[in-house]
Amino acid sequence: MSISLFQFSIPLLIIGFLILISFLYFSFLSLKEKEPRAANLLLFSALIFSIPFFNTALFDFQFRDLAAWVLFSVTIISLMIFVIPVKFKKKQTSETPNSKIDERNIMFSRRLLKEGDGKFEEYYSKNPEKKIADDEFRKQPGLLQQKTSYYHKEMFTSADATFFVVDALKFKVNGEVNSEKKNYDPQKITTYIKEWTKHLGALDCGITELKDYHKYSVAGRNFNYGEEINLNHKYAIAFTVEMDYEMVKAAPAGPIVMESSKQYLMSGAIAVQLAEFIRQLGYPALAHIDGNYQVVCPLVARDAGLGEIGRMGLLMTPKQGPRVRIAVVTTDLPLKIDDRKRDDSVIDFCIDCKKCADTCPSQAISFEEQIEIDGAVRWQINSEACFTFWYTSGTDCGRCMSVCPYSHEDNILHSLVRGAIKRSDIVRKVAVPLDDFLYGRKPVPLDPPIWTNVD
């Protein structure tokens, strides 16, 4: 015997109402994010998905009972897919490098080489293949320079002024250690450091044992250029600071480099304070900040449980994706190490997504599968192509960061999706085309904030 529709009406109306309110709220959130395309599509979806429930509840038509059963079934199946954990078994790959990185080989070191200073000739005599690529970026105007494609006097000068202060911090990364040492309970002092760091402005903070592969092998950017790095601290404190969503979404225009410089300063100031605090407790501590690193910050932050390293080579945090900057403090102060749990859902998402590779102006991000490099299975970007675009545009680009689905603001809509991706491989497969549908495969950058226009 068929069940009377009257028994379905109220539940159908409730489900339809919940769908309508949810999508309207998500549309409102998208408007707040200045994402009109997503807002309009979610508004349209609010009507499309709720109307069948209202029609079936309120109007009589042939096969009404069947329609009600179908709607209930679709609702239950959708909720099950979204909520129930579904993980396909995958082969675990190595993520631990078996060698250190020579800092002299990274682009931030090579950009400082000047013809005639001795280091230039020495480096390229040993690495002639790199000179061909580096000659290309040296032909371009350069970071924050006139005649670049995104030159904006006020925005570029603002970023340069901030980097000026960041540069001044490098003289404070180390210092004298108090001869009076106080013994602490590792758990209690770890909790104190994490909470204080967040109070100073950090987004998240984690602790790991300092590993050999975390360290650069040879210094490449400072007074100790060419010297072997001997860093014997036992622990590393890594923390992130959040980059403003609106400024990042304007990438690769001027706001991105303004925001980068601001957060390098923020993270640097926190690291310098934290290192000085620890030294005053009687323990050695060194701050690793922009332009003054002895460690590879993304590797340290990953092992401290702050995220995973994605296709674009940046740390992918759980709530802000790559929209962060990192700093590290290494020390001998006994601390409680975080029990890091590897999150393969982030890497699996990067395998499917490729949005950063599609939108990269310099085509520096690989579309291919991960490969083994020095013992670790990972992606390798074309750093020469990336850096040449920086020197052409005048900014540090950030386009990959701005389009990454994990970079969306941390609100209820995106938190629900991120949580479902982490739980279910089925949701992960759906999430990529859904993000493309709502935001576009190659989203249009936001205009710079109105206040940056001084003309």
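The rules behind these values
Residues numbered from 1 in each chain as written. Predicted model: local features only at pLDDT ≥ 70, side-chain atom pairs only at ≥ 80, totals over all residues. Heavy atoms only, no water. 1 Å grid on protein atoms, 1.4 Å probe; cavity = no way out; pocket = protein on both sides within 12 Å on 5 of 7 lines; lining within 4 Å. Points joined across faces, edges and corners; volume = space filled by probe spheres on them. Helix = DSSP H or I, 4+ residues; strand = E, 2+ residues; numbered from the N terminus. Nonpolar A, V, L, I, M, F, W, Y, C, P; charged D, E, K, R; others polar. Buried < 20%, exposed > 50% of the residue type's maximum accessible area, 1.4 Å probe, protein only. Contact = heavy atoms within 4.5 Å. Axes fitted to C-alpha atoms, helices over the stretch in contact; angles between N-to-C directions. Parallel < 35°, antiparallel > 145°, perpendicular 65-115°, else oblique. Left-handed = near helix turned anticlockwise from the far one by under 90°.

Trainee: Quick question: what am I supposed to make of empty space enclosed by the protein here?
Mentor: Unfilled space is identified by rolling a water-sized probe across the atoms. For the structure shown, the criterion picks out one cavity of 30 Å³ or more. Volume-wise, the largest cavity comes out at about 90 Å³. As for the largest cavity, its lining consists of 13 residues, of which Met312, Cys350, Cys353, Cys356 and Cys404 are closest to the centre. When contributions to the lining of the largest cavity are tallied by element, the ones reaching two or more residues are helix H12 (344–353) and helix H13 (355–359). Among the elements that take part in the lining of the largest cavity, H12 stands out by supplying three residues, more than any other. Grouping the constituent residues of the lining of the largest cavity by class yields nine nonpolar, one polar and three charged.

Trainee: I would appreciate a short explanation of helix H14 (residues 383–393) in the present structure.
Mentor: The periodicity of an α-helix, 3.6 residues per turn, causes residues three or four positions apart to be oriented the same way. Of the positions making up H14, those classed as buried are Phe387, Thr388, Phe389, Trp390, Tyr391 and Ser393. Residues of H14 that are buried make contact with helix H4 (107–110), helix H6 (128–138) and helix H7 (153–169). Positioned one or two residues after H14, Gly394 has a phi angle of 90 degrees, which is positive.

Trainee: When you look at the layout of surface pockets in this model, what are you seeing that I'm missing?
Mentor: By volume, the second largest pocket is sized at about 1,400 Å³. If you go around the second largest pocket, you meet 38 residues; those closest to its centre are Phe23, Phe26, Ser78, Phe82 and Leu434. Contributing elements (two or more residues each) for the lining of the second largest pocket: helix H1 (6–32), helix H2 (36–58), helix H3 (64–83), helix H16 (412–423) and helix H17 (425–439). For the lining of the second largest pocket, the class distribution of residues is 30 nonpolar, six polar and two charged.

Trainee: I would appreciate a short explanation of the packing of helix H5 (residues 119–126) against H6 in the present structure.
Mentor: Packed helix pairs are specified by the crossing angle of their axes together with the interaxial distance, meaning the distance between the axes. Running from amino to carboxyl end, H5 crosses H6 at an angle of 125 degrees, the nearest separation of the two axes being 6 Å. In terms of orientation, H5 and H6 fall into the oblique class. Where H5 approaches H6, its residues Phe120, Tyr123, Tyr124, Ser125 and Lys126 are matched on the opposing element by Pro128, Lys130, Lys131, Asp134 and Arg138. Each residue belonging to the contact of H5 with H6 can be placed in one class, and the counts come to four nonpolar, one polar and five charged.

Trainee: Sorry if this is basic, but what is going on with the packing of H6 against H14 here?
Mentor: Closest axis-to-axis distance for the H6/H14 pair is 8 Å, and the angle between their directions is 15 degrees. The orientation of H6 with respect to H14, classified from their angle, is roughly parallel. At the point where H6 passes H14, the crossing takes the right-handed sense. Here H6 contributes Ala133, Asp134, Glu136 and Phe137 to the contact with H14, which in turn contributes Glu384, Phe387, Thr388 and Tyr391. Broken down by class, the residue content of the contact of H6 with H14 amounts to four nonpolar, one polar and three charged.

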